[in-house]
Amino acid sequence: MKFVDEFRDAGTARVLATKIAALCEPGRHYKFMEVCGGHTHTIYKHGLEDYLPETVSLVHGPGCPVCVIPMGRVDDAIAIAEHDDVILTSFGDMMRVPGGRGSFFDSKAAGADIRMVYSPLDALKVARRNPDKRVVFMAIGFETTAPSTAMTVLRAAADGIENFSIFCNHVTIIPAIKAILDSPDLRLDGFIGPGHVSTVIGCRPYDFISAREGKPLVCAGFEPLDILQSVYQLLLQLGEGRCEVENQYSRVVPWDGNPKALQVIGEVMELRPHFEWRGLGFISQSALQVKAKYATFDAERIFNVPGVRVADPKACQCGEVLKGVLKPWECKVFGTACTPETPIGTCMVSSEGACAAYYNFGRFSRERVKEATHS
Amino acid sequence: MCLGIPGEVIELMAEHEDLAMVSVEGVKRAVNIGLLREDGVLDLAPGDWILIHVGFALSKIDEAEAKASLDFLTGLGDAYTEELEALAASDIT
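Residues numbered from 1 in each chain as written. Chains lettered and ligands numbered in written order. Predicted model: local features only at pLDDT ≥ 70, side-chain atom pairs only at ≥ 80, totals over all residues. Heavy atoms only, no water.

K.L.:
Help me out: how do you make sense of the overall build of chain B in this one?
P.N.:
Secondary structure summary: chain B contains two helices and seven strands in total. Along chain B, helices (α) and strands (β) appear in the sequence β-β-β-β-β-β-β-α-α when read from the amino end. Out of the 93 residues in chain B, the part that is buried amounts to 55%. Within chain B, counting contacts between residues at least 6 apart in sequence, those at least 24 apart form 48% of the total. Carbon and sulfur atoms make up 47% of the accessible area of chain B, which totals about 3,700 Å². (Helix = DSSP H or I, 4+ residues; strand = E, 2+ residues; numbered from the N terminus. Buried < 20%, exposed > 50% of the residue type's maximum accessible area, 1.4 Å probe, protein only. Contact = heavy atoms within 4.5 Å. Areas by Shrake-Rupley, 256 points an atom, 1.4 Å probe, with all protein chains shown as cover.)

Shown next as structure tokens:
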């Protein structure tokens, strides 16, 4: 396929790399944050940093939904699962996320009925097939996933399925970006905007980043050349003194997003006053809860959720990694006490987490660098 | 979980509201297409490519993008294989 070659072509990448280098002002250092974990994955997988001048660094952001779930919410979900008549259903990514009292896998091993599902609709099907059980779906994710959860609740309501509910942990991307911008630890020159979240919310919600914060943002696709092109567009804007929201991923992302997806989220969910993010602390109006209208599908209302706060392990520096203040390998436990097999922090659990991405791909290139320098 | 998987619409399933049979790398699966309705109108036909996320079509994409995404995702290794296995195990009809 023509377009595959175009988005992968090493020759084009080298041309882009040359153009990127030419746009950099001598002596100036640039820091761009890729908000989305999918982008982090692409960057490490394809070694894209090797295509960039040393003065351009990519900083990894908070856009990994599994990574930002605090330990207390994992414990709350396990408390729900420990009811004798409950089946807790969850995406596979969540299963190894450590809470204060272990992970879903640990709880399952101890006897709780916790099942992995691919889709919230699979969870609804489990509810249909087990009318004598209460089936709870562990709903996580940014705006990419929230519409699917909302559609499933609407389906449950339409079909009168009374033994189904969701434990709502959906978060929203804009407050997380605001929290990053407010962080005094980090000075950024621009953002590579999340691709699939933007499919739902569109590009307009990012306007404040250019208008009020004075930083450019480019929504990017997930191919290597998409990301390099976005860096190019960011540098071009800075060089020309522009500061705008641009859409590099226009072949998938409509400028206004998906109106139907936004409508179903608004029908079923509303903003919480505040929500705790792992490593980032409490951020106001940053997450969604089930509206009173759908209270019978809200696990938080149905079950007496303890709502405990659990401090992150002291050794774990996921918070700094999520804010882009630390690179994964700068964390003290990275690759030693904390590995994908025995994760201490969430960034090492999800394939979209910066630590897991770097552990799986980056280490290899670091080895190669070592080999190259030694030969 | 957050990976989008591209698939080609084979047929709209008349007997199930909002479901379409979609081919993902040769595997046929039912996918919910309700989020592509705008004002009740569904602009989708066999041969169209969609981006699938946790069992739902999130957006309509052109074929070139679908192929590109597939190529990218195949290269992801384990994460993509797991996502495909999870999709294969899912039956939302």
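K.L.:
Honestly, the pattern of salt bridges in this entry has me stumped. Any pointers?
P.N.:
Oppositely charged side chains may form a pair once their charged atoms are brought near each other. All names here are of chain A. Considering all chains together, one arrives at 23 salt bridges over all chains under this definition. Between D189 and R187 there is a salt bridge, with the nearest N and O atoms lying 3.1 Å from each other. What makes D189 buried here is its relative accessible area of 7%. Using a relative accessible area of 48% as the deciding quantity, one classes R187 as partly exposed. For R204, the salt bridge goes to D256, with nearest N and O atoms at 2.6 Å. Placement of the pair is R204 in the loop between helix 9 (195-201) and helix 10 (207-211) and D256 in the loop between strand 9 (245-247) and helix 12 (259-268), with a sequence separation of 52 residues. Linked through salt bridges whose partners overlap, the residues forming this network are E25, R28, R187 and D189. (Salt bridge = Lys/Arg side-chain N within 4 Å of Asp/Glu carboxyl O.)

K.L.:
How should I be thinking about unusual backbone geometry in this particular structure?
P.N.:
Glycine aside, negative phi is the norm for most residues, and most peptide bonds take the trans geometry. All names here are of chain B. Unlike most non-glycine residues, D18 shows phi in positive territory, near 70°. Note on placement: D18 falls in the loop between strand 1 (5-12) and strand 2 (19-24). The phi dihedral of E25 is positive, around 50°, even though this residue is not glycine. Within the secondary structure, E25 sits in the loop between strand 2 and strand 3 (27-32). A relative accessible area of 42% means that E25 is categorised as partly exposed.

K.L.:
Mind showing me how you'd approach helix 7 (residues 146-159) of chain A here?
P.N.:
Since the α-helix turns once every 3.6 residues, residues separated by three or four places project in the same direction. Its 14 residues place the ends of helix 7 of chain A 20 Å apart at the C-alpha level, agreeing with the 20 Å of an ideal helix rising 1.5 Å per residue. Three or more residues of helix 7 of chain A are buried, namely A146, P147, S148, T149, A150, M151, T152, V153 and A156 of chain A. (Expected span 1.5 Å × (residues − 1).)

K.L.:
Which parts of the structure should I look at to understand the nonpolar core?
P.N.:
Across soluble globular proteins, nonpolar side chains show a tendency to be buried alongside one another. Residue and element names in this part refer to chain A. Counting residues in each nonpolar core, the largest one holds 119 residues, and the members touching the most others are F104, F164 and Y206. In this structure, F104 is in contact with V74, A77, I78, L88, S90, M94, M95, V97, I114 and M138, ignoring residues within four places of it in sequence. Of all hydrophobic cores here, the second largest spans 21 residues; its members include Y30, F32, I43 and L58. (Core = buried A, V, L, I, M, F, W, Y, C linked by side-chain atoms within 4.5 Å.)

K.L.:
I'm lost on the confidence of the model for chain A in this one. Help?
P.N.:
As a note on interpretation, predicted positions should not be read in detail where pLDDT is low. Scored by pLDDT, chain A has a mean of 89; 94% of the residues are at 70 or more. Overall, residues 366-370 of chain A carries pLDDT values under 50, and its contacts beyond four positions in sequence, including any with other chains, amount to two contacts. (pLDDT = per-residue confidence, 0-100.)

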